[in-house]
Amino acid sequence: MTDAQETAADTSLRTTGGAPPADVAPAPIPLLEPREGIPPVVTSDDALARVIAAFAAGSGPVAVDAERASGYRYGQRAYLVQLRREGAGSALVDPVGCPDLSGLGSALSGTEWILHAATQDLPCLRDIGMTPTSLFDTELAGRLAGFPRVGLGAMVENVLGYALEKGHSAVDWSTRPLPEPWLRYAALDVELLIDLRDALEEELERQGKLEWAREEFDAIAAAPPAPPRKDPWRRTSGMHKVRRRRQMAVVRELWTTRDQVAQRRDVSPGKVLGDAAIVEAALALPVDVQALTALPGFGHRMGRRQLEQWQAAVDRAKALPESELPQPGQQPAGPPPPRSWADKDPAAAARLSAARTAVSELAERLHMPQENLITPDTVRRVCWEPPKNPTPGAVEDTLAGYGARNWQIQQVAPLLVRALDATV
């Protein structure tokens, strides 16, 4: 790609960019309005059947979005699904009233789904029976095309010249009935998603990156659900302060108790007990409720019954035999942290430095984030344990084994071969 192409890649779609003459005020960016008004929320099987029929009869790709209640409810379930398709208009579907949307998912099978940041919404859509067979991710497309800001609002503004309403992304979408301003915000999230997709496809084609994007989209659509995390309690914020196994047992017991309470009450675990409070209790090992009450996070607002519940969890951890205490966190599979490479394996450290420099320079030339060109973890793994004979074919096979797509292998393998050769 030439310098001129790189410059054009950053600016060609930005309809609102460019500085006006000093004596001319910049034109205001028009606020996007729903073209057909706010559709009624679908809450019954009959209304859902009509939506399914309308979207099955529509044409072209379908824009899809989902709203969750992160920070308010337990889990990541969808509380509203928004759709738009040519010939069908827009629809707002309530998964509380219509918990099984597999019929809608089936009606859209074989249709390209347009999502923004698809990996965020796909798990909750899958839970209600909606899984795309092909998709177009407008956020990822923006990254590959070189846009520095890839949030939906920024993309709609920079690419299409409209401003989206702001302010409702983090509200409690489990609220019923949903306020009209929230529904308006939700409907607008899919209003221009098809137009955005078309513009980004054109830009990716112009930059010679459209096939790269299609490989990425196919990989997302084909990816299986993520397996449950092992020992999720170890991800408690502030866990790095907890050194002793008995203290780790307290974190584990408090985390597990909190998760059970949160699930039973259907509230976010953080609203039941904060991570900071769990870590404080683990470090202090309080002997009774009175001592627990003196710790941050267990103040006067907490009732006696709750305090006794948390103290009981602490006491259970304190009573465990040594053989049942958790072991220190195991080093994840793969290479050690790069900061230790210089001491453990200077040759590997040299390989990593050369590879990082080459990947960074290529990502800059291609005008995309390094992590989208190739994941840093993949680079580390190749440099820590390179093929015994680092030929181009061997390096390509190694990258493929770590899940790199064909376009990534074509771009990055020659760089890694040179980095490995130069540091032999």
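Residues numbered from 1 in each chain as written. Predicted model: local features only at pLDDT ≥ 70, side-chain atom pairs only at ≥ 80, totals over all residues. Heavy atoms only, no water.

Under the annotation held in an unreviewed UniProt entry, the protein chain carries the name Ribonuclease D and is attributed to Streptomyces durocortorensis.

1. Comments concerning the packing of helix 10 (residues 245-265) against helix 12 (residues 275-284)
For the pair helix 10 and helix 12, the least separation of the axes is 8 Å and the interaxial angle reads 145°. Between helix 10 and helix 12 lies a crossing whose hand is right-handed. Seen from helix 10, the contacting residues are Gln 247, Val 250, Val 251, Leu 254, Trp 255 and Arg 258; seen from helix 12, they are Asp 275, Ile 278, Ala 281, Ala 282 and Leu 283. In the contact of helix 10 with helix 12, the residues fall into eight nonpolar, one polar and two charged. (Axes fitted to C-alpha atoms, helices over the stretch in contact; angles between N-to-C directions. Helix = DSSP H or I, 4+ residues; strand = E, 2+ residues; numbered from the N terminus. Left-handed = near helix turned anticlockwise from the far one by under 90°. Contact = heavy atoms within 4.5 Å. Nonpolar A, V, L, I, M, F, W, Y, C, P; charged D, E, K, R; others polar.)

2. Comments concerning unusual backbone geometry
Residue Pro 177 is bonded to the preceding Arg 176 through a cis peptide linkage, with omega at -5°. With respect to the element layout, Pro 177 can be found in the loop between helix 6 (152-160) and helix 7 (180-191). For Leu 285, which is not glycine, the phi torsion reads 50° and is therefore positive. Here Leu 285 shows up in the loop between helix 12 and helix 13 (289-293).

3. A few points about the environment of His 367
Secondary-structure assignment places His 367 in the loop between helix 16 (346-366) and helix 17 (370-373). Judged by its relative accessible area of 25%, His 367 is partly exposed. The sequence separation of His 367 and Arg 35 amounts to 332 residues, and the corresponding C-alpha distance is 35 Å. (Buried < 20%, exposed > 50% of the residue type's maximum accessible area, 1.4 Å probe, protein only.)

4. Observations regarding the side chain of Glu 67
Of note, Glu 67 is situated in strand 2 (residues 59-68). An unpaired buried charge is present at Glu 67: no salt bridge exists, and Arg 68, the closest side chain of opposite charge, is 6.9 Å distant. A distance of 3.0 Å separates polar atoms of two side chains, one belonging to Glu 67 and the other to Gln 82. Ignoring sequence-local partners within four residues, the contact set of Glu 67 consists of Arg 77, Ala 78, Tyr 79, Leu 80, Gln 82, Trp 173, Tyr 185 and Asp 189. (Lys, Arg positive; Asp, Glu negative; His and termini not counted. Salt bridge = Lys/Arg side-chain N within 4 Å of Asp/Glu carboxyl O. Polar contact = N/O pair within 3.5 Å; in protein donor to acceptor, adjacent residues only side chain to side chain.)

5. Quick word on the nonpolar core
Of all hydrophobic cores here, the largest spans 82 residues; its most connected members are Val 81, Leu 83, Leu 373 and Leu 399. Per-element tally for this core: the top contributor is helix 20 (residues 406-422), with nine residues. Look past the residues within four positions of Val 81 in its chain and what remains in contact with it is Asp 65, Ala 66, Ala 91, Leu 92, Val 93, Pro 95, Leu 101, Leu 125, Ile 128 and Met 130. (Core = buried A, V, L, I, M, F, W, Y, C linked by side-chain atoms within 4.5 Å.)

6. Examining the pairing of strand 6 (residues 134-137)
Where strand 5 (residues 112-115) and strand 6 come together, four bridges link them in parallel fashion. Bridging from a neighbouring strand, Leu 115 pairs with Asp 137 of strand 6. Handedness of the β-α-β unit built from strand 5, helix 4 (residues 118-127) and strand 6 comes out right-handed. (Pairing = 2+ DSSP bridges. Right-handed = clockwise from strand over helix to strand, strands pointing away.)

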